[in-house]
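Remarks on the overall topology
As a plain string of letters, each chain reads:
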Amino acid sequence: MRNENMEIYRYDITDSTNTRAKQEILKNIPLPALFIAGEQTNGRGRQGKSFFSPKNTGLYMTLALPPDYISNETVSITSVASVCVGDAIKDICNIDVKIKWINDLYVKGKKVCGILAERVCDPLTNEIKAVIIGVGINLSTKDFPEDLKASASSLFVNESLKETLAKRIAENLVNSKGKGKILMEKYRELSLILGKEICYIKNNQKFFGVAQSIDDNGYLKVEKSDGNTDILSSGEISVRLSKHE
């Protein structure tokens, strides 16, 4: 992909790059398009959670892609995006990351990046107009809210790498078309949870089990202590991580 052929929308501050991307897509802008903000006032994560996005210490971006870049499974889009972002961080920052199912990137046992993939549909026809992939990376953030201090960290790299990193992520994502199965193999290699005991919520109940496998759609197979298995397509899990993972 030639980055110069992709329109880049830059904002000093915005509510959410995903929200801004949706608004522009409905104006029929050319795709792919990249949206980058220096700060988000309403950054969003999965399941309605917020994403802490302080000024000038992170990369807050959304890549908008045409519908033909996506499969029917949102989960696999998120999984593939996790690998693309991880590869970009390795290439630009020389830092190895691991993936906590589904969409969080970790370094030394703490979260440094979250990813949110969404479809954008025409409000009148419900036709899929685009898929947007929001990425939030803590580049140099040091001061986290109390509820994040124990679980969040940063890459601790210079903010000047932001633009280069954003373009590499966008390039990796555009070039991922048709490479889903190959990238899912790498997703499994980078997984933090396979073979480990996890806690998860299903139907408002808490369960424990061992993460056994992740299929090409990103579904997680868990073996419970009673020998039965669960297949998870979404939701929250927790796993105890050492600082070396």
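Scroll up to find the structure.
Residues numbered from 1 in each chain as written. Predicted model: local features only at pLDDT ≥ 70, side-chain atom pairs only at ≥ 80, totals over all residues. Heavy atoms only, no water.

**Considering the pairing of strand β10 (residues 220–224)**
Within a regular strand, the side chains alternate between the two sheet faces. Counted only if it meets this: Think of it in three bands: with a 1.4 Å probe and only protein chains considered, a residue is buried below 20% of the maximum accessible area for its type, exposed above 50%, and partly exposed in between. Here a strand is any run of E in DSSP of at least two residues, a helix any run of H or I of at least four, and the numbering for each starts at the N terminus. A strand pair is defined by DSSP finding two or more bridges across the two strands.
Residues Leu-220, Val-222 and Lys-224 point to one face of β10 and are all buried, whereas Lys-221 and Glu-223, pointing to the other face, are not buried. Taken together, the five bridges between strand β9 (residues 205–214) and β10 define a ladder with antiparallel strand orientation. Looking at β10, one finds that Ala-211 is bridged to Val-222. The hairpin turn running from β9 into β10, its antiparallel successor, is five residues long, and Gly-218 in that turn takes a positive phi close to 90°. For β10 and strand β11 (residues 229–232), the ladder comprises four bridges, and the chain directions are antiparallel. Paired with Leu-220 across the strands is Leu-232, a residue of β11. What sits between the antiparallel neighbours β10 and β11 is a turn of four residues, in which Gly-227 has the positive phi angle 90°.

**Some points on the sheet that holds strand β1 (residues 7–11)**
For clarity, the threshold we go by: A fitted line through C-alpha atoms serves as each axis, taken over the contacting stretch for helices, and the angle formed by two N-to-C directions is quoted from 0 to 180°.
One open sheet holds the seven strands; their spatial order is β1-β2-β3-β7-β6-β5-β4, and the pairing between them is mixed. Edge positions in the sheet fall to β1 and β4 (98–100), since each of these pairs with one other strand and no more. Averaged over all pairs of adjacent strands, the angle between their axes in this sheet comes to 20°, without regard to strand direction. Sheet topology note: the strand β6 (residues 110–121)/strand β7 (residues 128–138) ladder contains nine bridges and is antiparallel.

**Some words on the environment of Cys-121**
Rules: Contacts: residue pairs with any heavy atoms within 4.5 Å of one another.
Along the chain, Cys-121 falls in strand β6. Relative accessible area serves as the criterion here: at 28%, Cys-121 is assigned to the partly exposed category. Among residues more than four places away in sequence, those in contact with Cys-121 are Leu-26, Asn-126, Glu-127, Ile-128 and Lys-129.

**Re the packing of aromatic side chains**
Going by this rule: Here the aromatic set is Phe, Tyr and Trp, taking the six-membered ring for Trp, and pairing holds for ring centres within 6.5 Å; pairs whose planes are under 30 degrees apart are stacked, those over 60 apart are edge-to-face, and all others are tilted. Two thresholds decide whether a charge sits over a ring: the Lys NZ or Arg CZ must be within 6 Å of the ring centre and within 35 degrees of the ring normal.
Per the stated rule, a full pass over the model turns up three aromatic pairs. Centroid distance Tyr-9 to Phe-35: 4.7 Å. Interplanar angle 10°. Geometry classified as stacked. One end of the pair, Tyr-9, is in strand β1; the other, Phe-35, is in strand β2 (residues 33–37), and 26 residues separate them in sequence. Look at Phe-35 and you get buried, because its relative accessible area is 0%. Judged by centre distance (6.1 Å) and plane angle (50°), the rings of Phe-52 and Phe-144 are tilted. Remark: Phe-144 occurs in the loop between β7 and α3 (162–174) and Phe-52 occurs in the loop between β2 and β3 (58–65); sequence separation between them is 92 residues. The residue whose ring lies beneath Arg-20 is Tyr-11, and the NZ or CZ to ring-centre distance is 4.5 Å.

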